[in-house]
Amino acid sequence: MNIELKLYASLSSYLPPGAKHHRVALDVAEGTTPAQLIDDMKLPKEACFLVLRNGVYLTPDERETRPIKEGETIAIWPPIAGG
Amino acid sequence: MAWAKKILRVNLTDGTCKNEPLNMDWADKYLGQRGLATKYFVEEVDPKVDPLSPKNKLIMTTGPLTGTCASTAGRYSVVTKGALTGAIACSNSGGFFGNEMKNAGYDMIIFEGKAKKPVYLFIDNDDVQLLDAGKIWGTSVWDTEDWIKEHHQDPMIRVASIGVSGEKGVKFACVVNDYHRAAGRSGVGTVMGSKNLKAVALRGTKGVQVKDYKSFMKAVDAGKAVLSGNAVTGEGLPAYGTQVLMNVINETGALPTRNHQTVQFEGAHAISAEAMAEPRKSDGKPNLVRNAACFACTIACGRISTIDRTHFTVAERPQYQVASGGLEYEAAWALGAATGVDDLDALTFANFICNEQGYDPISFGATVGAAMELYETGVIDKKATGGIELKFGNAKALTDLAEQCGKGEGFGAEIGLGSKLLCEKYGHPELSMSVKSQEFPAYDSRGIQGMGLAYATSNRGACHLRGYTVASEILGIPEKTDPLVADGKAGLVKAFQDATAAFDSAGICIFTSFAWSLEDVAPQIDAACEGGWSVDKLLEVGERVWNLERQFNNAAGFTAKDDNLPARLVKDAAKVGPAKGLTNQLDKMLPEYYELRGWTPDGVPTNETLNRLSL
Amino acid sequence: MQKSLVIIPSKCTGCLQCELACSYDNESMFNPAKSRIKIFDFHDKGRFVPYTCTQCDEAWCMKACPVDAISLDAATGAKVVSDELCVGCKVCTIACPFGTVNYNADTGKVIKCDLCGGDPECAKACPTEAIVYVDANWTGLDKMRAWAEKTDAGQQASA
């Protein structure tokens with residue numbers, strides 16, 4: 001199934017080749033959870049602080065239990081702030 | 001200790017300067033900077049005063065920690081009645097001016113009246129002089145700073161000044177120090193200009209002392225360790241700066257775009273922190289040169305940037321082909337997403353001009369966005385704009401207006417009215433995205449519900465720095481809350497507002513609060529100052545300051561009706577993103593907020609509340 | 001082991017914590033104007049550069065002093081000003097090619113870096129390790145390591 005992954009700030013270096021504007025289309029197995037995606041992409045787990053599904057925050061529990069659906073966007077940031 | 005315990009009072013009408021002891025009873029109740037200067041201000045100034053009349057006063061103020069080695073302890077604020085808002089104004093700046101003022105021996109400088117001709121105040125410790133500013137009136141902030149250092153043959157002087165925009169009455173002019181640090185909002189620079197005061201130039205070599213050095217160094221070291229060990233203040237902010245927010249806020253559907261017509265900007269990635277770090281085609285160098293710190297700051301979030309030398313804005317103008325203060329998130333949003341411009345170099349150039357000419361990029365960009373909507377809907381045309389094709393996304397229109405606004409010329413002078421007066425002038429007040437006449441910063445309150453309440457109740461008009469619930473609602477600091485619901489936000493907003501007022505009264509930067517709670521701050525203040533400064537005492541100061549500001553605004557004529565948001569945010573639902581279908585639920589949050597504050601349903605502090613806070 | 005202060009300008013953010021620490025150690029208050037180390041802000045270039053005394057072996061300041069008020073601290077290698085002996089003639093400030101000895105008009109004496117007796121406060125206060133205190137014989141070690149890491153790196157990867 002096709003999904004989109006976006007990685008920002010210090011996680012940018014984990015983007016695979018072919019990524020543009022910090023986003024990349026991925027083909028992942030049905031039932032993949034965000035936590036599995038983080039493992040598969042070899043992202044440092046502790047740096048995956050903000051995990052958004054279609055812009056909505058996923059709690060650490062939801063990352064483990066809610067499979068990603070076809071066409072969804074997962075966007076991930078390390079701890080950041082500004083203002 | 002920590003306080004210099006001395007005030008300088010400058011009467012510009014009479015040309016007199018005299019010292020006064022600091023009122024230490026008030027210092028015990030209001031701590032310093034924002035709180036203490038506001039106390040002085042409300043005691044001395046009629047709330048109904050015209051902000052631009054000589055009867056308005058302007059206070060430059062430090063906090064007790066300013067000038068010490070506590071992390072970020074170089075802050076100062078400018079307190080006055082805002083030219084843009086007509087409300088209490090308090091604009092905070094970093095750089096190196098605040099610490100120099102404290103080292104010269106002053107907690108604050110109170111300016112009264114109006115000089116007969118342009119002057120600048122020169123301070124070399126106890127030597128204080130009002131000097132003729134004839135040679136620098138009409139010049140930029142950058143030229144003013146250079147001229148003063150050359151004229152006094154002292155490169156170590158620190159300068160805070162206004163640009164031509166402040167002289168010409170642009171409503172959102174700033175006071176700028178150290179070339180690109182600004183007391184930015186509410187038109188404090190406009191008030192300074194109305195007093196014919198061009199600049200304040202300082203040398204201070206007296207030093208700053210604290211009460212108990214041993215405890216102080218221990219508390220300060222502990223505080224610094226918390227900042228360096230925290231992923232946000234120790235890694236994120238120094239590496240990416242505030243601009244790292246651009247993609248996050250866009251992704252969460254809370255990036256106000258094209259005058260808040262929508263909440264996501266397709267060009268966000270091109271104007272983000274990530275884009276600032278990418279090598280450009282012409283010379284292989286990125287926009288970002290390096291990060292930089294304000295005085296004593298161990299975070300160092302500041303951006304130093306350059307513009308692509310081949311870019312249309314600077315190709316023929318080598319004076320702008322240098323490194324200077326780069327884009328912060330709020331500025332990048334206003335100059336970019338609010339106007340639909342996704343040209344990073346154009347935004348950086350406009351930002352340079354805002355610094356050089358001394359006006360607020362948030363209000364400027366947001367007002368250009370409003371003018372673009374007026375233009376695209378046919379309300380104004382090229383005749384009104386002086387030939388500028390004022391369409392959303394037009395980078396050249398943005399940079400041309402930036403230069404015009406800086407000089408108070410052409411249609412730029414109309415932009416200088418701010419969005420409220422501009423939109424009223426053309427018969428569409430509903431298009432001004434503002435509260436109490438001050439433009440919103442970079443968060444759409446349909447997608448971050450708490451910010452709607454924070455904006456509506458901010459004592460200086462729409463502002464992110466009076467109660468930054470974005471930290472909790474989006475960034476998970478200190479705890480994650482749901483940005484799309486209104487429940488619980490009244491308490492959250494109040495807690496952020498009170499704590500922020502305490503931070504702002506201490507002399508430190510609010511960015512420390514991404515890692516510090518008042519538990520980290522209290523020991524530093526307590527070791528520096530007499531008075532037994534606990535977390536509870538600081539929170540009480542914060543709440544007291546908030547209510548004091550509110551009382552001033554109420555007396556100035558503001559009512560609960562002014563704790564409001566534009567119809568676009570409470571009637572027109574967001575069209576895309578997570579907040580699709582949502583409006584801001586201000587009507588749900590506001591009554592609860594008044595109750596939590598101990599205010600009447602009309603937004604007036606009850607006698608009981610006033611007594612509880614010793615007001 | 002004798003140590004030296006090493007300055008790495010590319011790491012400096014211009015925060016002045018070093019100046020605060022120096023003034024606190026020497027003047028018992030926070031007063032960058034009395035610091036023995038200074039940060040220079042080359043604004044148009046976006047560069048911050050800390051600068052202080054490098055403790056020359058054959059120190060011009062020490063040789064120029066007519067009253068022998070500047071002496072060698074054998075343990076640290078620092079050239080130290082004696083306030084008792086200094087007469088404030090300022091000849092050392094002229095002799096120093098780098099400008100790192102300066103006159104303090106408030107006391108009538110000159111001031112310069114004394115390495116804080118072997119535990120420099122500036123280096124401890126620097127939040128970015130732009131000022132470090134390292135083996136005097138190997139001040140280039142970190143630079144050598146950085147370049148060494150690049151040497152043959154391509155061949156290693158392909159081997």
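The structure presented is a predicted model; accordingly, all values stated were derived computationally and were not measured.

(A) Focus on the overall build of chain A. When its secondary structure is counted, chain A shows two helices and five strands. Its helices and strands in sequence order give chain A the pattern β-β-α-β-β-α-β, from N to C terminus. For 83 residues, the compact-globule estimate of 2.2 N^0.38 gives 12 Å, and the C-alpha radius of gyration of chain A, at 12 Å, lies within 12% of that figure. Each of the three principal axes of chain A carries a C-alpha extent, and together these read 35 × 30 × 20 Å. Across the 83 residues of chain A, 55% fall into the buried class. Within chain A, residue pairs in contact and separated by at least 24 positions form 64% of the contacts whose partners lie at least 6 positions apart. Accessible surface computed for chain A: about 4,000 Å², of which carbon and sulfur atoms make up 51%.

(B) Focus on the packing of aromatic side chains. Taken as a whole and judged by the stated rule, the model has 23 aromatic pairs over all chains. Here Y24 of chain C and F30 of chain C contribute two aromatic rings whose centre-to-centre distance is 5.4 Å and whose plane-to-plane angle is 25°, an arrangement assigned as stacked. A relative accessible area of 25% places Y24 of chain C in the partly exposed class. Through a chain of ring-to-ring contacts, three or more aromatic side chains come together here, namely Y329, Y443, Y468, F511 and F514 of chain B.

(C) Examining the sheet that holds strand β4 (residues 56-57) of chain A more closely. Residue and element names in this part refer to chain A. Strand order across the open sheet formed by five strands is β2-β1-β5-β3-β4, with mixed pairing between neighbours. Bordering the open sheet on either side are β2 (23-27) and β4, each of which pairs with just one other strand. Here five bridges tie strand β1 (residues 2-7) to β2, and the two strands are oriented antiparallel to one another. Bridge pairing in β2 links I3 to L26.

(D) Looking closely at the nonpolar core. Residues and elements named next belong to chain B. Formed by 198 residues in total, the largest nonpolar core has its most connected members in F216, W333, F364, L390, Y443 and L475. The dominant element in this core, judged by the number of residues it contributes, is helix α13 (residues 361-376), at nine residues. Grouped together as the second largest cluster of nonpolar side chains are 30 residues, M60, A89, V175 and V191 included.

(E) Structural context of the interface of chain B and chain C. Across the contact, 37 residues belong to chain B and 25 residues belong to chain C. Taking both sides of the interface into account, the surface hidden between chain B and chain C amounts to around 2,100 Å²; carbon and sulfur atoms contribute 61%. The tally of links from chain B across to chain C stands at zero salt bridges. Summed over the shared surface of chain B and chain C, the result is twelve residue pairs in polar contact (both at pLDDT 80 or more). Broken down by secondary-structure element, the contributors of at least two residues to the side of chain B that touches chain C are α7 (213-229) and β13 (288-292) of chain B. Across the side of chain B that touches chain C, the residue classes break down as 21 nonpolar, twelve polar and four charged.

(F) Molecular detail of helix α12 (residues 344-357) of chain B. All names here are of chain B. When the terminal C-alpha atoms of α12 are compared, their 20 Å separation across 14 residues agrees well with the 20 Å that a helix rising 1.5 Å per residue should span. Counting buried residues in α12 gives 14 out of 14 residues, a clear majority hidden from the surface. Capping the start of α12 is the job of one residue whose side-chain oxygen sits 3.1 Å from the backbone nitrogen of D345: D343. Just past α12, the residue G358 takes up positive phi, approximately 75°.

(G) Region of interest: helix α18 (residues 449-457) of chain B. Summarising burial for α18 of chain B: nine of the nine residues are buried, a large majority. Along α18 of chain B, the positions that sit buried rather than exposed are Q449, G450, M451, G452, L453, A454, Y455, A456 and T457 of chain B.

(H) Here's a closer look at the domain arrangement of chain B. All names here are of chain B. By the assigned domains, chain B splits into domain 1 (6-203), domain 2 (239-439) and domain 3 (449-612). Listed as interface residues are 26 residues of domain 2 and, on the opposing side, 28 residues of domain 3. Contact between domain 2 and domain 3 buries roughly 1,900 Å² in total, counting both sides, with carbon and sulfur atoms accounting for 65%. Contact with domain 3 buries surface across domain 2, with V435, K436 and Q438 losing the most and accounting together for 32% of the total. For the pair domain 2 and domain 3, the number of links is two salt bridges. Between R568 and E373 there is a salt bridge; the shortest N-O distance is 2.6 Å. On inspection of domain 2 and its partner domain 3, the count reaches ten residue pairs in polar contact (both at pLDDT 80 or more). Only α9 (245-251), α13, β16 (434-435) and β17 (438-439) provide two or more residues apiece to the side of domain 2 that touches domain 3. Looking at the side of domain 2 that touches domain 3 element by element, the count peaks at four residues for α9.

(I) Region of interest: the interface of chain B and chain A. Each side of the interface is counted separately: chain B has 27 residues, and chain A has 22 residues. At the boundary of chain B with chain A, total buried surface from both sides reaches about 2,000 Å², with 69% on carbon and sulfur atoms. Taken as a group, E251, H269 and E274 of chain B account for 27% of the area that chain B buries against chain A, more than any other trio of residues on that side. One can count one salt bridge joining chain B with chain A. A salt bridge links E251 of chain B to K6 of chain A; its shortest N-O distance comes to 2.7 Å. The interface formed by chain B and chain A contains six residue pairs in polar contact (both at pLDDT 80 or more).

(J) Here's a closer look at the arrangement of the chains. For the two pairs of chains in contact, the maximum contact count is reached by chains B and C. A minimum C-alpha distance of 18 Å separates chain A and chain C, which share no contact.

(K) Layout of the pairing of strand β5 (residues 88-93) of chain B. Residues and elements named next belong to chain B. Counted residue by residue, β5 has five buried out of six residues, so it is predominantly covered. Note: strand β4 (residues 76-81) against β5, six bridges, orientation antiparallel. Looking at β5, one finds that Y76 is bridged to S93. Counting the residues in the hairpin turn of β4 and β5 gives six residues, including G86, whose phi is positive at 70°.

(L) Molecular detail of the environment of D520 of chain B. Residue and element names in this part refer to chain B. Topologically, D520 is positioned in helix α21 (residues 518-528). In sequence terms D520 and V535 are 15 residues apart; their C-alpha atoms lie 8.9 Å from each other. Ignoring sequence-local partners within four residues, the contact set of D520 consists of V226 and A515.

The rules we used
Residues numbered from 1 in each chain as written. Chains lettered and ligands numbered in written order. Predicted model: local features only at pLDDT ≥ 70, side-chain atom pairs only at ≥ 80, totals over all residues. Heavy atoms only, no water. Helix = DSSP H or I, 4+ residues; strand = E, 2+ residues; numbered from the N terminus. Rg over C-alpha atoms; globule rule 2.2 N^0.38 Å. Buried < 20%, exposed > 50% of the residue type's maximum accessible area, 1.4 Å probe, protein only. Contact = heavy atoms within 4.5 Å. Areas by Shrake-Rupley, 256 points an atom, 1.4 Å probe, with all protein chains shown as cover. Phe/Tyr/Trp six-rings, centres within 6.5 Å; stacked < 30°, edge-to-face > 60°. Pairing = 2+ DSSP bridges. Core = buried A, V, L, I, M, F, W, Y, C linked by side-chain atoms within 4.5 Å. Buried area = accessible area lost by both parts, 1.4 Å probe. Salt bridge = Lys/Arg side-chain N within 4 Å of Asp/Glu carboxyl O. Polar contact = N/O pair within 3.5 Å; in protein donor to acceptor, adjacent residues only side chain to side chain. Nonpolar A, V, L, I, M, F, W, Y, C, P; charged D, E, K, R; others polar. Expected span 1.5 Å × (residues − 1). Domains from an automatic or database assignment.

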